[in-house]
Amino acid sequence: MTTLFRHLVDQREWKDPRAFLPRFREAAQRLADTDQDPDLATCTPASSTFEAWYYNQRKPNRDARRVLVAMFGHSFERLWGPTQDALPDSTDTSLLDDRATPGAELRNMRRGADMAARRARDFAMGAERGQLGAETIGFLQDEVRRIAERYPRVPLSGIFDDLAAAQDEVFRHIEGGRSKPSQLRQLHIMATLLSWFMAKASHDMGDPHSAMMQARAAGVCAQQAEHSGLIALTDGLKSLITYWSGSADDALYYARKGATEHPDLHGTVGVWLPSLEARAAALLGDEERARAAIERAEQKRDRVSSDDLDEFGGLLTFPAQKQLYYTVESHVLLGHGDARTTAQAEKAAQLFSDPDAPHWAFGDQAGAQCNLALIRLHAGDLDGAADAIRPVLDLPAGQRNRGIVVSAQRVQAALAREPIRTAILARELREEIALYPPSRPALTR
């Protein structure tokens, strides 16, 4: 049955939780002020709860019902009644039935199956909460793996709620004090990774302060887990955060710290750290150190073997094509634009051109395209630079994270240099990039 609530949500184009939930919060706050009931102001459903309302798989609680009645101007009974009860007799209600749309029924069943699986997971984790059973650990590990794989491929808004919920769940289990020593180490490993993801998320949203707080929390958890790869991974993230914030000295320090304190890493974190060092040194204009770091990264690559972090994949591994992107960026920052560097930049852009490739990431693709644009500008090829930057400028706002915005701004600065600055195309591109950064990177749509 299609409810009136669902019909009204569709009519207003609020089906996406990111569209509905802010309006629900506003309505809850207004009603709290009107009824002088402060508890209403905190009545905020999770995305999964809203979806359960939408598909009529769950009914709202008492406070949420009051907010929905105020939002839509219908009684709760009518909102959760059939759509046709509120429509003129002449309305063809078959048009409102999902089965009238090819493929919609299957999509709805898949959505329902996903929600049912989440409900089963929540039940199982709740049943084991008193003793922290193996299935709870398994659920949390699956969630960490899923987030690691999806993070580089989707807008942050698509995974943020799940990430925050998983981090809270792990913290709660650690603080509960009911786990065995072996389980506690596993929980600290997952707490490290989820805090690491949250640090990256805060960074992508343009909030370096919160990002470093989360990164330090990740470091504490890594120390508790006594996992050298995780400790090094956290140092690398601190380098990344400070690099994109323009603090090249700090970025260099953290990259060197991770590499020096953990020289025996055999996974790709050991390649990532000198690659981070190379970019930071290049940002400082230290060509000698940048070249030495690039060489160390290449040597590490020759000896690399996958470790437990690489097995998670996604955001937690540093593949060869990403290493090439970092190497190119180091050369670009040093002002290089010779034939070899140009060929490397074109190869890096090509390697990230296929969204179906295993290690594709929209952020790395955008960074590689910006580097290619900068190299072409070094060579005076304005048209070629415009072609390279175009996919970046066409990115939806939800994918314009902090690193992408900074990369685009570097191209903007290069477009303002002589002799191309007066060209019409250069001026148009500068103006377009000036409008590029969203108010909330990586979260707006």
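In this text the structure is predicted, and so the values were computed from the model without any measurement. Along each chain, residues carry numbers from 1 onward, in the same order as the chain's sequence is written. The predicted origin of the model limits local features to residues at a pLDDT of at least 70 and limits the giving and counting of side-chain atom pairs to 80 or more, whereas totals for whole chains, interfaces and linings rest on all residues. Side-chain measures were taken over the full set of non-hydrogen atoms in the model, leaving aside hydrogen atoms and water.

Q: Outline the pattern of salt bridges, listing residues and values.
A: We define a salt bridge as a side-chain nitrogen of Lys or Arg found within 4 Å of a carboxyl oxygen belonging to Asp or Glu. Within the structure shown, the criterion is met by 20 salt bridges. Asp63 serves as the salt-bridge partner of Arg62, at 3.4 Å between the closest nitrogen and oxygen. Categorising residues by exposure relies on relative accessible area from a 1.4 Å probe, with only protein chains included: less than 20% of the type maximum marks a residue as buried, more than 50% marks it as exposed, and the intermediate range marks it as partly exposed. On the basis of relative accessibility, which here comes to 18%, the residue Asp63 falls in the buried class. Between Lys257 and Asp235 there is a salt bridge, and its shortest N-O distance comes to 3.3 Å. Here Asp235 lies in helix H11 (residues 228-244) and Lys257 lies in helix H12 (residues 248-261), a separation of 22 residues in the sequence. Owing to a relative accessible area of 24%, Lys257 belongs among the partly exposed residues under this scheme. A relative accessible area of 3% places Asp235 in the buried class. One network of salt bridges, with partners in common, ties together Asp35, Asp37, Arg62, Asp63 and Arg66. The numbering of helices and of strands both runs from the N terminus, where a helix is a DSSP run of H or I of at least 4 residues and a strand a run of E of at least 2.

Q: Summarise the layout of surface pockets; cite the residues concerned and give the values.
A: In this model, the second largest pocket occupies a volume close to 560 Å³. A cavity here means a set of 1 Å grid points, computed over protein atoms only, where a 1.4 Å probe fits but cannot escape. A pocket is an open set with protein on both sides within 12 Å along at least 5 of 7 lines, and lining residues have an atom within 4 Å of a point. Lining of the second largest pocket is provided by 35 residues; of these, Lys200, Leu315, Lys322, Ala361 and Asp364 occupy positions nearest its centre. Listed by contribution, the elements that provide at least two residues to the lining of the second largest pocket are helix H9 (181-204), H11, helix H13 (269-283), helix H15 (320-333), helix H17 (362-378) and helix H19 (402-415). Put simply, Ala, Val, Leu, Ile, Met, Phe, Trp, Tyr, Cys and Pro go in the nonpolar bin, Asp, Glu, Lys and Arg in the charged bin, and everything else, Gly too, in the polar bin. Looking at the lining of the second largest pocket residue by residue, the class counts come to 19 nonpolar, nine polar and seven charged. Grid points are joined across faces, edges and corners, and a volume is the space filled by probe spheres set on the points.

Q: Please provide a residue-by-residue account of the packing of H19 against helix H20 (residues 424-434), values included.
A: Close contact between H19 and H20 brings their axes to 9 Å; oriented N to C, the two are set at 150 degrees. Considering the angle they form, H19 stands roughly antiparallel to H20. For the pair H19 and H20, the sense of crossing is left-handed. Residues Ala408, Gln409, Val411, Gln412 and Leu415 of H19 pack against Ala426, Leu429, Arg430, Ile433 and Ala434 of H20. Here the contact of H19 with H20 is built from residues that sort into seven nonpolar, two polar and one charged. Lines fitted to C-alpha atoms define the axes here, with helix axes fitted over just the stretch in contact, and angles between the N-to-C directions of these axes take values from 0 to 180 degrees. In this scheme, roughly parallel covers angles under 35 degrees and roughly antiparallel covers those over 145, while 65 to 115 is roughly perpendicular and the rest are oblique. Crossings are assigned a handedness: left-handed for a near helix turned anticlockwise from the far helix by less than a right angle, right-handed for a clockwise turn. Any two residues whose heavy atoms approach within 4.5 Å at even a single point are treated as in contact.

Q: Pulling in residues and values, what's your account of the packing of aromatic side chains?
A: Think of it this way: a Phe, Tyr or Trp ring, Trp meaning its six-membered ring, pairs with another when their centres are within 6.5 Å, and the plane angle makes it stacked under 30 degrees, edge-to-face over 60, tilted otherwise. Throughout the structure, instances matching the rule amount to 19 aromatic pairs. Ring geometry for Phe50 against Tyr54: centres 6.3 Å apart, planes inclined by 50 degrees, an arrangement best described as tilted. Note that Phe50 and Tyr54 are positioned in helix H3 (residues 47-54) at a spacing of four residues, about one turn of the helix. Like Phe50, the residue Tyr54 is buried in the burial classification.

Q: Describe in detail the environment of Trp80, supporting the description with residues and values.
A: The residue Trp80 is located in the loop between helix H5 (76-79) and helix H6 (104-127) in this model. You can call Trp80 buried: its relative accessible area is 7%. For the pair formed by Trp80 and Trp53, sequence separation is 27 residues and the distance between their alpha carbons is 9.1 Å. By the criterion applied in these results, polar contacts are pairs of N or O atoms within 3.5 Å in which, for protein atoms, one can donate a hydrogen and the other can accept it, and in which residues neighboring in sequence qualify only through two side-chain atoms. For Trp80, the side chain forms a polar contact with the side chain of Asn56, separated by 3.3 Å.

Q: Summarise the nonpolar core; cite the residues concerned and give the values.
A: Residues grouped as a nonpolar core are buried Ala, Val, Leu, Ile, Met, Phe, Trp, Tyr and Cys residues, joined through side-chain atoms within 4.5 Å. By size, the foremost hydrophobic cluster in this structure holds 98 residues, and its most contacted members are Leu193, Phe197, Leu233, Val411 and Leu415. When neighbours within four sequence positions are excluded, Leu193 is seen to be in contact with Val144, Leu230, Leu233, Leu309, Phe312 and Leu316. If you look at the next biggest cluster of nonpolar residues, it comprises 27 residues, including Phe50, Ala64, Leu68 and Trp80.

Q: Summarise H17; cite the residues concerned and give the values.
A: For H17, which comprises 17 residues, the first-to-last C-alpha distance of 25 Å matches the rise-based estimate of 24 Å (1.5 Å per residue) to within 8%. Gly380, located one to two residues past H17, shows a positive phi value of around 80 degrees. Helix span, as expected, comes to 1.5 Å for every residue beyond the first.

Q: Please give an account of helix H8 (residues 160-176) that cites residues and values.
A: The α-helix winds at 3.6 residues per turn, so residues separated by three or four positions along the chain end up facing the same way. Look at H8: 24 Å from first C-alpha to last across 17 residues, which is about the 24 Å you get at 1.5 Å a residue. Taken residue by residue, H8 has Asp162, Leu163, Ala166, Gln167, Glu169, Val170 and His173 as its buried positions. Across the axial projection of H8, the buried residues extend over an arc of 160 degrees, all falling on one side. Gly177 sits one or two positions beyond H8 and adopts a positive phi of about 70 degrees. Each C-beta atom gives one direction from the helix axis, and the arc is the one those directions make.

Q: Residue-level account of the packing of helix H10 (residues 208-225) against H11, with values.
A: Across the interface, H10 lies against H11 with an axial gap of 9 Å and an inter-helix angle of 170 degrees. Taken as axis vectors, H10 and H11 run roughly antiparallel relative to one another. When H10 is examined against H11, the residues Pro208, Ala211, Met212, Ala215, Arg216, Ala218, Gly219, Ala222 and Gln223 are found in contact with a partner set consisting of Leu230, Ile231, Thr234, Leu237, Lys238 and Ile241. Considered class by class, the residues forming the contact of H10 with H11 number ten nonpolar, three polar and two charged.

Q: Please set out the environment of Pro38 residue by residue, giving values where relevant.
A: Assignment of secondary structure puts Pro38 in the loop between helix H2 (17-35) and H3. With relative accessibility at 64%, the residue Pro38 sits in the exposed group. Sequence separation between Pro38 and Ala28 is ten residues; the distance between their C-alpha atoms is 9.5 Å.

Q: A description of the confidence of the model for the chain should follow, citing residues and the corresponding values.
A: Per residue, pLDDT measures the predictor's confidence, with a range of 0 to 100. When pLDDT is averaged across the chain, the result is 87; 87% of the residues are at 70 or more. Across residues 85-102, where pLDDT falls below 50, the model places 19 contacts with residues more than four positions away in sequence or in other chains.

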